[in-house]
Amino acid sequence: MAKYVLQQYKGRLNSRVKISGCKNAALPIMCAATLSTETSTISDIPDLIDVNIMKDILVHLGANIQYDKASKTMTIGYGGNGSFEAPYDMVDKLRASVLSMGVLLATKGMAKVASPGGCPIGARPIDLHLKGFAAMGAEIQQGHGYVMAMASRGLHGATIYLDFPSVGATENIMLAAVTARGETIIDNAANEPEIVDLASFLSSMGADISGAGTDKIRIQGVNKLHAADHTIMPDRIETESFMAIAAILGGRLEIVNAIPEHVKPVTAKLREMGCVVTEEEGCIVVETPENVNLKSVDIKTLPHPGFPTDMQAPFTSLLCKTAGTGIITETVFENRFLHVQELKRMGANIKIDGRTAYIEGGLPLTGTKVKAMDLRAGMAMILAGLFADGQTEIDNIYHIERGYEDLPEKLRSMGVEIARID
Ligand code: EPZ
């Protein structure tokens, strides 16, 4: 199994990094493109494990897809036929494959998708997705490890209140609603930037959507969608990860292909710690002056525009370095502290009480063998390894490679010593 071998970074950063297209926008947008038989062209699709799994699933469901990895461009449309079933081995590899349900219901009136089950960061049910489909007229049956949804007379519009502003449920209902009869209203919808990107692509395909980016999304169903060209938004979590890397290394990092508006909660926390963050059009510069000793902060994860749960693990590592005790409360997922046990092996002093972690900053960490417990926990290991004494070996890096494109190359271009060893 491949691993990263990372050396402690010595010196001060003075570099530039370019952010890739956003994984969590690319996945639903790939699904959306298969709502039309015409061929859409989507640019800035990152070459990641998750993207390639989603491609395989959509091909299995009848999509025609060509992906040019060099230019990061994908041509994609529904080719006809294909299965209406996303089997367990596919869903197990990629939870986001449940987004195929909304598309299958819209195009085939029938979807059979393996129950995704739990995952390391939490139980992650899909009850909100299913309640939405049921309100739109789908009959839902569950059993033998599968969820079956049938809408033999097609879907109709409905007013759907989400108990929690779930990103996936909002996306899945949007995908089902764009060609349903009548109007769908999603109340307490997620308002993450990825939802706005999906709505923007669907609108350019001919969908009638308003309110994306707020907590009330209105969708007037249309008969048919057509092809569209789209460029995926920059990955905000990758942007924020590099902002945290800049803070941990000190010096100056210019992050290009970044949208400052998308990363405001992280910008605010870094400024509170003592970093200087400058925002320009499409670019963010993070600087830590040489005489500044970054201080610890308290963080609570929340749905957007609150502090993103995906940055909780990386910030746990950052708070191991800053002066004082930092407190992180995770409110989105119930089991997202898997990185803590690995950080403790490196010498961190972190106490967990329920959903809150208390992190004593300023203790020296020492490099050792650790595991990437999930994608963002993997980024936490990278951050810790950058300031831990000596060498850190990170196993299970397939988690990291699901979501960070060309990470070793990007880090090496910044002067970091990192090797990927098979
Ligand atoms: C998306 O997951 C992202 N994944 C996650 O990124 C991200 O952490 C998460 O949103 C929150 O921002 C993709 O976009 C592919 P949710 P999603 O539905 O849609 C509960 C990463 O590292 N819930 O907003 O699955 C759920 O259990 C990943 O890139 C229900 O109870 O997240 C969780 O506690 C990891 N019932 C909370 O809502 C439901 O039907 C938020 O989940 C759906 C969700």
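Parameters and conventions
As a convention, each chain's residues are numbered from 1 in the sequence order in which they are written. Selection of residues for local features in this predicted model requires a pLDDT of at least 70, selection of side-chain atom pairs for listing and counting requires 80 or more, and totals for whole chains, interfaces and linings are taken over all residues. The side-chain values count all of the structure's non-hydrogen atoms but skip hydrogen atoms and water molecules. Think of a patch as exposed residues, more than 30% relative accessible area, with no salt bridge, where like charges cluster within 9 Å and nonpolar side chains (Val, Leu, Ile, Met, Phe, Trp, Tyr) cluster within 5 Å. Using a 1.4 Å probe, the Shrake-Rupley method yields the accessible areas, and only the shown protein chains count as cover for residues. Any carboxyl oxygen of Asp or Glu that lies within 4 Å of a side-chain nitrogen of Lys or Arg is treated as forming a salt bridge with it. Runs of H or I in DSSP of at least four residues are treated as helices and runs of E of at least two as strands, each being numbered from the N terminus. Exposure is judged per residue with a 1.4 Å probe applied to protein chains only, and the accessible area is read against the type maximum: over 50% gives exposed, under 20% gives buried, and values in between give partly exposed. Nearness is judged by heavy atoms alone; a residue qualifies as near a molecule or strand once a single heavy atom is within 4 Å of it. Residues adjacent in sequence count toward polar contacts only when both atoms are side-chain atoms; beyond that, a polar contact is any pair of N or O atoms within 3.5 Å, and within protein one must be able to donate a hydrogen and the other to accept it. Under this grouping Gly is polar, as are all residues other than the nonpolar Ala, Val, Leu, Ile, Met, Phe, Trp, Tyr, Cys and Pro and the charged Asp, Glu, Lys and Arg. Here the term cavity refers to a set of points on a 1 Å grid, laid over the protein atoms alone, in which a 1.4 Å probe fits but cannot get out; the term pocket refers to an open set having protein on both sides within 12 Å along at least five of seven lines, with lining residues being those that place an atom within 4 Å of a point. Grid points are joined across faces, edges and corners, and a volume is the space filled by probe spheres set on the points. Where helices are involved, their axes are fitted lines through C-alpha atoms of the stretch in contact, as for all axes, and angles between N-to-C directions lie from 0 to 180°. Our angle categories are set so that under 35 degrees counts as roughly parallel, over 145 as roughly antiparallel, 65 to 115 as roughly perpendicular, and the remainder as oblique. Contacts were defined at the residue level, with two residues in contact if any of their heavy atoms lie within 4.5 Å. For the purposes of this section, nonpolar cores are sets of buried Ala, Val, Leu, Ile, Met, Phe, Trp, Tyr and Cys residues that join through side-chain atoms within 4.5 Å.

S.K.: Could you give an account of a nonpolar patch on the surface, naming the residues involved and the relevant values?
M.R.: There is a patch of nonpolar side chains on the surface, built from M1, I49 and Y398 and spanning about 340 Å² of accessible area. As for its position among the elements, M1 is in the segment before β1 (3-7). Exposure remark for M1: the relative accessible area of 78% places this residue in the exposed category.

S.K.: Account for the site of the ligand, with residues named and values stated.
M.R.: Every one of the 20 residues lining the ligand counts as a neighbour, but D127, S166, D310, V332 and R376 are closest to it. R336 places a side-chain nitrogen or oxygen 3.5 Å from an oxygen atom of the ligand. Its free accessible area being 830 Å², the ligand has 85% of it covered by the protein chains. The set of elements that each furnish at least two residues to the shell around the ligand consists of α1 (23-33), α5 (127-135), α6 (167-177) and α12 (375-387). Take the shell around the ligand: its biggest share by element is three residues, from α5. Here the shell around the ligand is composed, by residue class, of nine nonpolar, five polar and six charged.

S.K.: Describe the layout of surface pockets, with residues and values.
M.R.: Each pocket or cavity is described by its volume, and for the second largest pocket that value is around 190 Å³. Lining the second largest pocket are T34, L35, S36, T37, E38, Y78, A106, T107, T179, N223, K224 and L225. When grouped by side-chain class, the residues that make up the lining of the second largest pocket number four nonpolar, six polar and two charged.

S.K.: Account for the packing of α6 against helix α7 (residues 193-204), naming residues and giving values.
M.R.: At a closest axis distance of 10 Å, the pairing of α6 and α7 adopts a crossing angle of 10°. Considering the angle they form, α6 stands roughly parallel to α7. Residues V167, T170, E171, M174 and L175 of α6 form the contact with α7, whose participating residues are E194, I195, L198, A199 and L202. Residue classes in the contact of α6 with α7 are distributed as seven nonpolar, one polar and two charged.

S.K.: Describe the side chain of T34, with residues and values.
M.R.: Within the secondary structure, T34 is located in the loop between α1 and β3 (40-43). The contact partners of T34, leaving out residues within four places of it in the chain, are L58, A63, I76, G77, Y78, V103 and T107.

S.K.: Provide a residue-level description of the nonpolar core, including the pertinent values.
M.R.: In this structure, I45, M136, M174, L175, L202 and I209 are the most contacted members of the largest nonpolar core, which totals 77 residues. It is α1 that provides the largest number of residues to this core, a total of eight residues. Residues within four places of L202 in sequence aside, it is in contact with A32, L35, M174, L175, V178, A207, I209 and L225. Core analysis: the next-biggest nonpolar cluster, separate from the first, contains 68 residues, Y4, I284, I299 and C320 among them.

S.K.: A description of the side chain of T239 should follow, citing residues and the corresponding values.
M.R.: Tracing the backbone through its elements, the reader meets T239 in helix α8 (residues 236-249). Excluding its chain neighbours within four sequence positions, the residues that come into contact with T239 are I19, I255, A258, V263 and I284.

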